[in-house]
Amino acid sequence: MAPDFAVEDVWSLPTPGGPDELPRLVEAIFGGEFPQGAPRLVGWLWEARWKLGGLLHWDDPGGGLEARVPSLRDRIPADELPASGDPGLDLDPFSPVYLLGDEFAAELANRTVHAIMHLGWVPDGDGGYRGQMAVLVKPNGVLGWLYMTGIKPFRRYLVYPALLGYVGKRWQATTPSPTRPTTAAEPATG
């Protein structure tokens, strides 16, 4: 679907679970208040990026989806396009591309890049499952290449580790506690 995009990052997510938990993963990533729950430095970097983008007009509507680039949904053959790619969450600044049983993709475009966040729900090799996140990017010319090169160390060493910790905390907060089976001598408590 996106052979003209480069895989920028791939991360294994701290989200152990069962076979049908992709919707919970999407909720863990998009249903919260990132970057407010992240370390202060990451929140500051996130806000600085959006302020700089506003000042330099990187995020103006004319540089985004359907203005500068068409949505990736347009590349999916009609007979393969899911009825809805929308998980029913505020994905801002992303737009949904598709949602399947074990995959979700969202995209964003501005004057620097056209990017895809792909979430997969994959076997973990031990009988369980976990999330995996890939980021694919198509830089917009020299500006996009310079932008991606400039943010790489911040992304790799600050933003993504904080995002992974944030997702892990949200995941654990919504993980049901395992119940211990009761015995005849141990009545269940309510």
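Residues numbered from 1 in each chain as written. Predicted model: local features only at pLDDT ≥ 70, side-chain atom pairs only at ≥ 80, totals over all residues. Heavy atoms only, no water.

Draft legend 1. Summary view of the overall build of the protein. The number of helices and strands found in the protein is three helices and five strands. Walking the protein from its N terminus toward its C terminus, one meets helices and strands in the order β-α-α-β-β-β-β-α. Restricting to contacts in the protein with at least 6 residues of sequence separation, those with at least 24 account for 64%. Of the roughly 10,900 Å² of accessible surface on the protein, 60% is carried by carbon and sulfur atoms. (Helix = DSSP H or I, 4+ residues; strand = E, 2+ residues; numbered from the N terminus. Contact = heavy atoms within 4.5 Å. Areas by Shrake-Rupley, 256 points an atom, 1.4 Å probe, with all protein chains shown as cover.)

Draft legend 2. Fine view of unusual backbone geometry. Residue Asp-92 is joined to Pro-93 through a cis peptide bond whose omega torsion reads 15 degrees. Looking at the element boundaries, Pro-93 is found in the loop between α2 (40-55) and β2 (95-99). With phi around 65 degrees, His-57 is a residue other than glycine that occupies positive phi space. Relative to the assigned elements, His-57 resides in the loop between α2 and β2. In the Ramachandran plot, Glu-66 falls in the positive-phi region, its phi being about 70 degrees despite a non-glycine side chain. Looking at where Glu-66 falls in the secondary structure, it is placed in the loop between α2 and β2. The exposure class of Glu-66 is exposed, given its relative accessible area of 54%. (Buried < 20%, exposed > 50% of the residue type's maximum accessible area, 1.4 Å probe, protein only.)

Draft legend 3. How the structure looks around the packing of helix α1 (residues 22-30) against helix α3 (residues 141-173). Two elements in contact, α1 and α3, have axes separated by 9 Å at closest approach and are oriented at 125 degrees. Classified by the interaxial angle, the pair formed by α1 and α3 is oblique. As for the relative orientation of α1 and α3, their crossing is right-handed in sense. Two secondary-structure elements touch here, α1 through Arg-24, Leu-25, Glu-27, Ala-28 and Ile-29 and α3 through Tyr-166, Val-167, Arg-170 and Trp-171. Tallied by class, residues from the contact of α1 with α3 come to six nonpolar, no polar and three charged. (Axes fitted to C-alpha atoms, helices over the stretch in contact; angles between N-to-C directions. Parallel < 35°, antiparallel > 145°, perpendicular 65-115°, else oblique. Left-handed = near helix turned anticlockwise from the far one by under 90°. Nonpolar A, V, L, I, M, F, W, Y, C, P; charged D, E, K, R; others polar.)

Draft legend 4. Spatial organisation of the packing of aromatic side chains. Overall, the coordinates contain six aromatic pairs when judged by the stated rule. Here the aromatic rings of Trp-11 and Tyr-160 are separated by 5.6 Å at their centres, their planes lie at 50 degrees, and the arrangement is tilted. One end of the pair, Trp-11, is in strand β1 (residues 6-12); the other, Tyr-160, is in helix α3, and 149 residues separate them in sequence. With a relative accessible area of 21%, Trp-11 lands in the partly exposed category. Pairing Trp-58 with Tyr-147 gives two aromatic rings, centres 5.3 Å apart and planes at 75 degrees, and the pair type is edge-to-face. Taken as a pair, Trp-58 in the loop between α2 and β2 and Tyr-147 in helix α3 lie far apart in primary sequence, 89 residues in all. Under the relative-accessibility criterion, Trp-58 is labelled buried at 11%. (Phe/Tyr/Trp six-rings, centres within 6.5 Å; stacked < 30°, edge-to-face > 60°.)

Draft legend 5. Structural view of the pattern of salt bridges. Under the counting rule described, the total for this entry stands at eight salt bridges. Linking Glu-21 and Arg-24 is a salt bridge whose minimum nitrogen-to-oxygen distance equals 2.3 Å. Here Glu-21 matches Arg-24 in class, with each residue buried. Measuring nitrogen to oxygen at the nearest pair gives 3.4 Å for the salt bridge that ties Glu-27 to Arg-170. In this pair, Glu-27 is assigned in helix α1 and Arg-170 in helix α3, connecting sequence segments 143 residues apart. Exposure remark for Glu-27: the relative accessible area of 34% places this residue in the partly exposed category. Linked through salt bridges whose partners overlap, the residues forming this network are Glu-8, Asp-9, Arg-155 and Arg-156. (Salt bridge = Lys/Arg side-chain N within 4 Å of Asp/Glu carboxyl O.)

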